[in-house]
Amino acid sequence: MNALVKYPNLFAPLDLGFTQIKNRVLMGSMHTGLEDIPGGMARQAAYFAERARGGVGMIITGGIGPNREAGSGKLSTPEEAQEHRQVTDAVHAADPDVKICLQILHAGSLARSGESVAPSAIRARIAAHVPNELDEEGIEKQLSDFANCAALAKEAGYDGVEIIGSAGYLLSTFLVERTNQRTDQWGGTFENRMRFPVEVVRRVREAVGKDFIVIFRIAAMDMLEGGMAWDEVVTLAKAIEAVGATIISTHFCWHEAQVPTIATMVPRAAFAQVTGRLRKELKVPLITSNRINMPDVAEAVLARGDADLISMARPMLADPELVLKALEGREDEINTCIACNQACLDHTFTGRLTSCLVNPRACHETELNYLPTDKPKRLAVVGAGPAGLAYATIAAERGHSVTLYDSAAEIGGQFNLARRIPGKEEFNETLRYYGRRIELLGIDLRLNTRVDAAQLKAEGFDEVIVATGIEPRKPQLEGIDHPKVVSYIDVIMGRAEVGQKVAIMGAGGIGFDVAELITHAGVSASMDIDVFAKEWGIDFVNHPRGGVTGVKPVVATSGREVTLMQRKSESVGKSLGKTTGWTHRLTLQRRGVKMLNGVDYLRIDDDGLHMLVGGQPTVMDVDTVIVCAGQLPLRTLFDQLEASGQKAALIGGAFEASELDAKAAIQQASVMAAAI
Ligand code: FAD
Ligand code: NAP
Ligand code: SF4
């Protein structure tokens, strides 16, 4: 079907009067770390230009500060503006119709230096320092620095700026009483509290003139107990509109809020309804965002009238050509963002360069390229898990002839377990993507085929890549073969009975996922916005302060009594993802799951699980013990190949099982396939 028929709203240009945005998709702002490294500007130029070629209407850069105290990466001098030319020129050369706006981010109390400033000297829950309270002179300096930064952005060739007024950064901390306890004209009443953000926008507009895009990012639902009331959100948005914003972009939550807003457990487009409500109050176009990762989801939001523009940030890391593929009717080729945060936000918040689990080229465009080979080879890839899939498809794309084997009936390896966990439904998209790539690249896929060294030798391949994955670790423990003991694979595949009282041995990613599976009840929150809202205590209908004030989370549970345990003394769940681990811990705690560390397992028998807890002997009366005790590399085939003198390479779990996840497996396979 013609894209303009299928996506009439998505591909309609947006007329801003002085300029047009060619379609309704923008790449949302993401701090990637490229802003802060030597040579980062050239890498950003390549990164953004690739997205411009991929069809987006507008790009917002990662956040840049207006001054030193704002946090990392600043634009405050003409010399710095000159450097940004690399980015704006590259984007406009890639497609002159694509707009690029600089995000001006003043982190306020969240800036990592001791120079941080804020309306009041109140340390944010997640901040390292108590900020310095701004005096009148300091406030004036910040205002003029914002104006200067915006003027320099214009000089650098940007089409506009986005001012972030949400997330717990400087502007938003003026808005709520918990962080603004001033008694002067910048604090107290809401009119006073909103004075600073409104004045920032007014000064910025004054500095850039009228034909320049000014976007204001507002916390339309800040998810804070005692946060902004709905009438305050509307009052602020109207005031921002009145002083010259071109577009208002809605944002949900502060970084310190305890509600997940972008993790994979959040339903697609869950928050667009809030934008829709605000849109009714304003004349300027509105942007919505959060968990909109496919074109049909974006089209539905626009068709409902919930927004004028759709921001996709992480989906542009996963697939720079998302919009182009939608335009050309190739949606089944989109490499969908699965909202895992593992290579993007988890990296950002631990000081590592951003990338993407499903696309390791993201932010590495100048370093990792899949160029055509001048020496095509016949390759066998054994194992169609994430490592084998990435390797096979990249090698085939480069011109190698690839045969891909798997003993299972479907591709995916352990992703076929992961996708069965409530909240991980997005993992299906990755398998759909690889399935289509296999078809398009003409890879010879042989499922239900367990191969051995002799078969591979008979086929006469130039090289064999062993991606056979792992086998679960079976702890050496008396009673480990007792009928109460089951493996996580059998539980997830529904092949093992799970009783009422359960011990989960091992509290890594898989232990947590299994706990989620067996304590979950009803529809998965990730698939139903109402269930999600109930589970996290959000009231979308009445919008109390912050959307959450006074709303108690109501979590459905299977009623099983579950204990998740580990031998280490560190807190349970510490190794989970930086930005998502807390959501898993909190969900399970709310379902009554007990978490035990420092456990020493002794034996399993009819009485249950015998162990030492804090050195004290204990018997836990359980019906089922589920073993989630890590994994070991499965190298039977590799050992056979070596013994028979055949050349083979190891990738993924077969190479290294500890510290292995899909991010590492795909990254390693991609780098190796780019080099063969
Ligand atoms: P595997 O996925 O194990 O694939 C190996 C493949 O080889 C299998 O399909 C197997 O059938 C095949 N095979 C083996 N021997 C042969 C043979 N002789 N002949 C033919 N075929 C053979 N990781 C994350 O990063 N994020 C997550 O959120 C996440 N969640 C997970 C949830 C669960 C429940 C599980 C179980 C895992 C999860 N993982 C997650 C881990 C991730 O899935 C693995 O790290 C990843 O699958 C490893 O990829 P791989 O290709 O090396 O091996
Ligand atoms: P894991 O994270 O290494 O956890 C293994 C668990 O088993 C640990 O809790 C460990 O704790 C315990 N253990 C290790 N040896 C044991 C033994 N001999 N006896 C008893 N317990 C033992 O591995 P995993 O949970 O199997 O996950 C596999 C991979 O998939 C991991 O890399 C993980 O990151 C990835 N994954 C990621 C996610 C995600 O959401 N990002 C989800 C699922 C899986 P103690 O040693 O302290 O007992
Ligand atoms: Fe999306 Fe995960 Fe990639 Fe981040 S790492 S962009 S969340 S798929």
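Okay, so let's go over this structure.

### Here's the deal with the site of ligand 1
Then comes step 1: The environment of ligand 1 is made up of 34 residues, and the closest members are Gln342, Asp406, Lys424, Gly653 and Ala662.
Then comes step 2: Within the contact set of ligand 1, an oxygen atom lies 3.3 Å away from a backbone nitrogen or oxygen of proline 386.
Then comes step 3: Between ligand 1 and alanine 467, the relevant distance is 3.5 Å, taken from an oxygen atom to a main-chain nitrogen or oxygen of the residue.
Then comes step 4: Here ligand 1 has 1000 Å² of accessible area as a free molecule, and 91% of this is covered by the chains.
Then comes step 5: Secondary-structure elements contributing two or more residues to the shell around ligand 1 are helix H14 (386–397), helix H15 (415–418), helix H18 (488–492), helix H19 (509–519) and helix H23 (662–675).

### Let's talk about the pairing of strand S23 (residues 608–613)
Then comes step 1: The pairing of strand S22 (residues 599–605) with S23 spans six bridges and is classified as antiparallel. Following the sheet pairing, tyrosine 601 is matched in S23 by methionine 611.
Then comes step 2: Connecting S22 to the next strand, S23, in antiparallel fashion are two residues.
Then comes step 3: The pairing of S23 with strand S24 (residues 616–620) spans five bridges and is classified as antiparallel. By the bridge assignment, leucine 609 is partnered in S24 with methionine 620.

### Brief notes about the sheet that holds strand S18 (residues 485–487)
Then comes step 1: The sheet built from five strands is open, its strands ordered S18-S25-S19-S20-S21 with parallel pairing. In this open sheet, the two strands that pair with only one neighbour each are S18 and strand S21 (594–596). Each strand axis lies, on average, 25° off the axis of its neighbour in the sheet, ignoring direction.
Then comes step 2: As defined by bridge partners, strand S19 (residues 501–505) adjoins strand S25 (residues 624–627) across four bridges and the pair is classed as parallel. By the bridge assignment for S25, alanine 503 is matched with valine 625.

### Comments concerning a negative patch on the surface
Then comes step 1: A surface patch of negative charge is lined by Glu133, Asp135, Glu136 and Glu137.
Then comes step 2: With respect to the helices, strands and loops of the structure, glutamate 137 is situated in helix H4 (residues 136–155).

### Some details on the nonpolar core
Then comes step 1: Grouped together as the largest cluster of nonpolar side chains are 155 residues, with contacts concentrated most on Leu236, Tyr391 and Ile538.
Then comes step 2: For this core, the element with the most residues is H14, which contributes eight residues.
Then comes step 3: Lining this core are residues from two domains, each supplying at least three of them: domain 1 (3–348) and domain 2 (378–471 + 634–675).

What counts, and at which threshold
- Residues numbered from 1 in each chain as written.
- Chains lettered and ligands numbered in written order.
- Predicted model: local features only at pLDDT ≥ 70, side-chain atom pairs only at ≥ 80, totals over all residues.
- Heavy atoms only, no water.
- Near = heavy atom within 4 Å.
- Polar contact = N/O pair within 3.5 Å; in protein donor to acceptor, adjacent residues only side chain to side chain.
- Areas by Shrake-Rupley, 256 points an atom, 1.4 Å probe, with all protein chains shown as cover.
- Helix = DSSP H or I, 4+ residues; strand = E, 2+ residues; numbered from the N terminus.
- Pairing = 2+ DSSP bridges.
- Axes fitted to C-alpha atoms, helices over the stretch in contact; angles between N-to-C directions.
- Patch = residues over 30% accessible without salt bridge, like charges linked within 9 Å, V, L, I, M, F, W, Y side chains within 5 Å.
- Salt bridge = Lys/Arg side-chain N within 4 Å of Asp/Glu carboxyl O.
- Lys, Arg positive; Asp, Glu negative; His and termini not counted.
- Charge placed at Lys NZ, Arg CZ, Asp CG, Glu CD.
- Core = buried A, V, L, I, M, F, W, Y, C linked by side-chain atoms within 4.5 Å.
- Buried < 20%, exposed > 50% of the residue type's maximum accessible area, 1.4 Å probe, protein only.
- Domains from an automatic or database assignment.

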